[in-house]
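# Survey of secondary and tertiary structure
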Amino acid sequence: MVQKKFITIYETLRKDILESNLVYGAQLPSENELVEQYQSSRETVRKALNLLVRDGMIQKIRGKGSVVIYQGLTEFPFSDLISFSEVQQGLGLQHETTVEVLESITANEVPYVKSALEISGTTRLWHLIRTRSINNQVKIIDEDYFVKDIIPGITESIAQQSLYAYIENELNLVISYSNKSITFEPFGTLEYDIFGDDVAPYTATVRGIVHLEDTTKFQYNISRHLATDFKFNDFSRRH
């Protein structure tokens, strides 16, 4: 099926905004310029711009045209069980992942994780901290605890890519579901060290317990997002 022209224009402009080719406050080309650039009708261009307005990407201002109002919010599908690299690919964004910590510890060292995963204190865990950056600014701190007996062989290289791809494709395990909660919390030492002190000192913190197909709990995740950069998306239907 041939993609409609207004969708092509919308996706092209959206990509330019997400990749900061069009930054906050920048003015888009006029409707006349877009008509000429894409060899399309004015109605087609307006449909594309209306989609960008709907997405919170631009604002139409009388006498000025369309201005970018998107400020780089980190969209993460809170209700979905999906890896960061899958989100990145889906949004067409280029993020950088840095492994800050990869170590082996016992569950006794993290009592709240021991309790959440319902494991013994002597159980060995992978403790992993990764930062997610865009334009050299850290947007997310991901801290994970994996049961080593269930998820063996994690390396820094694997952690820098997609752990879920490794778990599913290399270990042949089926990741099934998770329970998540979200709170807004003040910075601690870790957050100040990584995010710095020149931003609002609060995080939107998402905690999750992830289960395999047989209901085994194998991962405890703490995902800390800058509160000012966090956007919660969900879909609800009554009946």
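Given the structure is predicted, the values throughout are model-derived calculations rather than measurements. (Residues numbered from 1 in each chain as written. Predicted model: local features only at pLDDT ≥ 70, side-chain atom pairs only at ≥ 80, totals over all residues. Heavy atoms only, no water.)

On to the packing of aromatic side chains, then. All told, the structure shown has five aromatic pairs when counted by the stated rule. Centre to centre, the rings of Tyr-112 and Tyr-145 are 6.5 Å apart; their planes meet at 85 degrees, and the pair counts as edge-to-face. Of this pair, Tyr-112 sits in helix H5 (residues 111-117) while Tyr-145 sits in strand S6 (residues 137-147), placing them 33 residues apart in sequence. Tyr-112 gets classed as partly exposed once you look at its relative accessible area, which sits at 41%. Geometrically, the ring pair formed by Phe-187 and Tyr-192 is edge-to-face, given 5.2 Å between the ring centres and 80 degrees between the ring planes. Over the ring of Phe-6 we find Lys-47; its NZ or CZ atom is 5.3 Å from the centre of that ring. The ring of Trp-126 is capped by Lys-148, whose NZ or CZ atom sits 4.2 Å from the centre of that ring. (Phe/Tyr/Trp six-rings, centres within 6.5 Å; stacked < 30°, edge-to-face > 60°. Helix = DSSP H or I, 4+ residues; strand = E, 2+ residues; numbered from the N terminus. Buried < 20%, exposed > 50% of the residue type's maximum accessible area, 1.4 Å probe, protein only. Lys NZ or Arg CZ within 6 Å of the ring centre and 35° of its normal.)

Let us now look at the nonpolar core. Note on soluble globular proteins: their nonpolar side chains tend to be buried together. Counting 20 residues, the largest nonpolar core has Leu-13, Leu-28, Leu-49 and Leu-52 as the members making the most contacts within it. When residues of this core are traced back to their parent elements, those giving at least two are helix H1 (5-18), helix H2 (31-38) and helix H3 (42-54). Tallying contributions element by element places H1 first for this core, with six residues. Apart from residues no more than four positions distant in its own chain, Leu-49 is found in contact with Leu-13, Leu-28, Glu-31, Leu-34, Ile-58, Lys-60 and Ser-66. Judged by nonpolar contacts, the second largest core, of 16 residues, contains Val-99, Phe-146, Ile-158 and Leu-163. (Core = buried A, V, L, I, M, F, W, Y, C linked by side-chain atoms within 4.5 Å. Contact = heavy atoms within 4.5 Å.)

Hydrogen bonding along the main chain pairs the strands of a sheet, whether they run parallel or antiparallel. With antiparallel pairing, six strands are arranged side by side in an open sheet as S4-S5-S6-S9-S8-S7. Looking at which strands have only one partner, the edges of the open sheet turn out to be strand S4 (96-106) and strand S7 (175-186). Along the sheet, successive strands turn relative to each other by an average axial angle of 15 degrees, direction set aside. Pairing of S6 with strand S9 (residues 217-226) involves seven bridges; the strand directions are antiparallel. What sits directly across from Tyr-145, in S9, is Tyr-220. Taken strand by strand, helix H7 (residues 163-170) contacts strand S5 (124-134), S6, S7, strand S8 (202-212) and S9, and its axis lies near 165 degrees from that of S7. (Pairing = 2+ DSSP bridges. Axes fitted to C-alpha atoms, helices over the stretch in contact; angles between N-to-C directions.)

Across all of its chains, the model carries nine salt bridges by this definition. Two residues, Lys-15 and Glu-19, come together in a salt bridge whose shortest N-O distance is 3.0 Å. Residue classification places Lys-15 among the partly exposed residues on the basis of a relative accessible area of 45%. Accessibility expressed as a relative area gives 29% for Glu-19, which makes it partly exposed. (Salt bridge = Lys/Arg side-chain N within 4 Å of Asp/Glu carboxyl O.)

Phi at Gln-39 is positive, roughly 50 degrees, even though this residue is not glycine. Within the element layout of this structure, Gln-39 appears in the loop between H2 and H3. For Glu-118, which is not glycine, the phi dihedral falls at a positive 55 degrees. Within the secondary structure, Glu-118 sits in the loop between H5 and S5. The exposure class of Glu-118 is exposed, given its relative accessible area of 63%.

This paragraph deals with the confidence of the model for the protein. Overall, the predicted model of the protein reaches an average pLDDT of 84, with 85% of residues at or above 70. Within the protein, H5 carries the highest mean pLDDT (96), whereas helix H4 (residues 84-91) carries the lowest (48). Contacts of residues 78-84 to residues separated by more than four positions or lying in other chains number 24 contacts, the stretch itself having pLDDT below 50. Considering only residues more than four positions removed or in separate chains, one finds that residues 235-239, a stretch of pLDDT under 50, has zero contacts. (pLDDT = per-residue confidence, 0-100.)

Here we take up the environment of Pro-201. Relative to the elements of secondary structure, Pro-201 occurs in the loop between helix H8 (189-195) and S8. As for Pro-201 and Pro-186, which are separated by 15 residues in sequence, their C-alpha atoms are 5.8 Å apart. Ignoring any residue separated from it by four or fewer positions in sequence, one finds Pro-201 in contact with Glu-185, Pro-186, Phe-187 and Tyr-192.

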